[in-house]
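# Overview (structure and organization)
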Amino acid sequence: MCAVCKKRVYPMEGLIADKKKFHKSCFLCEHCKNKLSLGNFVSLHGHLYCQPHYKQLFKSKGNFEDGFVQGSQRELLATHTA
Ligand SMILES: [Zn+2]
Ligand SMILES: [Zn+2]
């Protein structure tokens, strides 16, 4: 079965990526719908993305390197109550 459309995949029209079968026509970036190649795709929780969009969509959410650090760098001000 195709992991995207759940229809049967015949060997001639399919490919295997991430241990799942796909129709060649279903092997698309979920974001831009461009066709993916086996050397240029990212599979995340069953969703497929091209590498540029994977980076664009998940870079900011997936780690704390961008954006987050700047906002959290507060100086701890000692309060002098003397
Ligand atoms: Zn399909
Ligand atoms: Zn894309």
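Our subject in this report is the structure included herewith.

Reading the values: the criteria
Residues numbered from 1 in each chain as written. Chains lettered and ligands numbered in written order. Predicted model: local features only at pLDDT ≥ 70, side-chain atom pairs only at ≥ 80, totals over all residues. Heavy atoms only, no water. Pairing = 2+ DSSP bridges. Helix = DSSP H or I, 4+ residues; strand = E, 2+ residues; numbered from the N terminus. Salt bridge = Lys/Arg side-chain N within 4 Å of Asp/Glu carboxyl O. Buried < 20%, exposed > 50% of the residue type's maximum accessible area, 1.4 Å probe, protein only. Donors = N, O, S within 2.8 Å, 3.2 Å for Na, K, Ca; no water. Tetrahedral: all angles 85-135°; square planar, octahedral: opposite > 155°, others 65-115°.

### Observations concerning the pairing of strand β1 (residues 14-17)
- Bridge count for β1 against strand β2 (residues 20-23) is four bridges, and the pairing is antiparallel. Counterpart to Gly14 in the pairing with β2 is His23.
- Linking β1 back to β2 in an antiparallel pair, the connection comprises two residues, with Asp18 at a positive phi of about 55°.

### Details of the pattern of salt bridges
- Within this structure, the stated rule accounts for one salt bridge.
- Between Asp18 and Lys20 there is a salt bridge, and its shortest N-O distance comes to 3.3 Å.
- For Asp18, a relative accessible area of 41% corresponds to the partly exposed category.

### Focus on the coordination of the zinc ion (ligand 1)
- For the zinc ion (ligand 1), the protein coordination sphere consists of Cys2 (SG), Cys5 (SG), His23 (ND1) and Cys26 (SG), at 2.0 to 2.3 Å.
- In this structure, the zinc ion (ligand 1) is surrounded by four donor atoms whose angles at the metal cover 101 to 116°, and the resulting shape is tetrahedral.
- For the zinc ion (ligand 1), all donor residues lie on one chain, and their spacing in sequence is C-x2-C-x17-H-x2-C. Placement of the pair is Cys2 in the segment before β1 and His23 in strand β2, with a sequence separation of 21 residues.
- You can call Cys2 buried: its relative accessible area is 1%.
- Given a relative accessible area of 10%, His23 falls into the buried group.

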